[in-house]
Amino acid sequence: MIYTVEVIIMNKKSARDPEGETIHRELILKRGFNEVKGVRSGKYLEFLIDSNSPEEALETVKSICSKLRIYNPVVHDIKVRLDA
């Protein structure tokens, strides 16, 4: 069966996010959306995985991301989830 697995890569909360800060300051606040208190940017990847189970599909993608250094664990956090 084919599963769609999503990966979201974000800077760790302790790391600055210049892109998110610029979007917040230069676009959102300047347009009067003062209720927005922060923006974080990231990367989104979508994998189509042929697997026997959803759990196996998730583990395959986690392994790929780690082994191929798709993200840097020192500065990034990742979320891996099945697309519902």
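Residues numbered from 1 in each chain as written. Predicted model: local features only at pLDDT ≥ 70, side-chain atom pairs only at ≥ 80, totals over all residues. Heavy atoms only, no water.

**Quick look at the pattern of salt bridges**
A pair can form between side chains of opposite charge whenever their charged atoms are brought close.
1) Next: Tallied over the full model, the rule gives six salt bridges.
2) Next: Two residues, R16 and E21, come together in a salt bridge whose shortest N-O distance is 2.6 Å.
3) Next: Given a relative accessible area of 29%, E21 falls into the partly exposed group.
4) Next: By sharing partners, the salt bridges in this structure join R25, E26 and K30 into a single network. (Salt bridge = Lys/Arg side-chain N within 4 Å of Asp/Glu carboxyl O. Buried < 20%, exposed > 50% of the residue type's maximum accessible area, 1.4 Å probe, protein only.)

**Re helix α1 (residues 18-28)**
1) Next: By the burial criterion, the buried members of α1 are G20, H24 and I28. Summarising the axial view, the buried residues of α1 lie within an arc of 40°, below the 170-degree limit, and thus occupy one face. (Helix = DSSP H or I, 4+ residues; strand = E, 2+ residues; numbered from the N terminus. Arc of directions from axis to C-beta.)

**Let's talk about the environment of V75**
1) Next: Along the chain, V75 falls in the loop between α2 (54-67) and β3 (76-82).
2) Next: Judged by its relative accessible area of 34%, V75 falls in the partly exposed class.
3) Next: Once the C-alpha coordinates of V75 and N34 are considered, the two residues, 41 residues apart in sequence, prove to be 29 Å apart.
4) Next: Setting aside its immediate chain neighbours within four residues, V75 contacts M10, N11 and K12. (Contact = heavy atoms within 4.5 Å.)

**A short note on unusual backbone geometry**
1) Next: Even without a glycine there, the phi angle at R69 is positive, about 55°.
2) Next: Turning to its location among the elements, R69 is positioned in the loop between α2 and β3.
3) Next: You can call R69 exposed: its relative accessible area is 53%.

**Description of the sheet that holds strand β2 (residues 42-50)**
1) Next: Reading across the sheet, the three strands line up as β2-β1-β3 and stay open at both edges, with antiparallel pairing between neighbours. Here the strands that pair on one side only, and so sit at the sheet edges, are β2 and β3. The average angle at which neighbouring strand axes cross in this sheet is 20°, direction not considered.
2) Next: Here strand β1 (residues 2-11) runs beside β3; their pairing, made up of seven bridges, is antiparallel. Among the inter-strand pairings, V5 is bridged to a residue of β3, identified as L82. (Pairing = 2+ DSSP bridges. Axes fitted to C-alpha atoms, helices over the stretch in contact; angles between N-to-C directions.)

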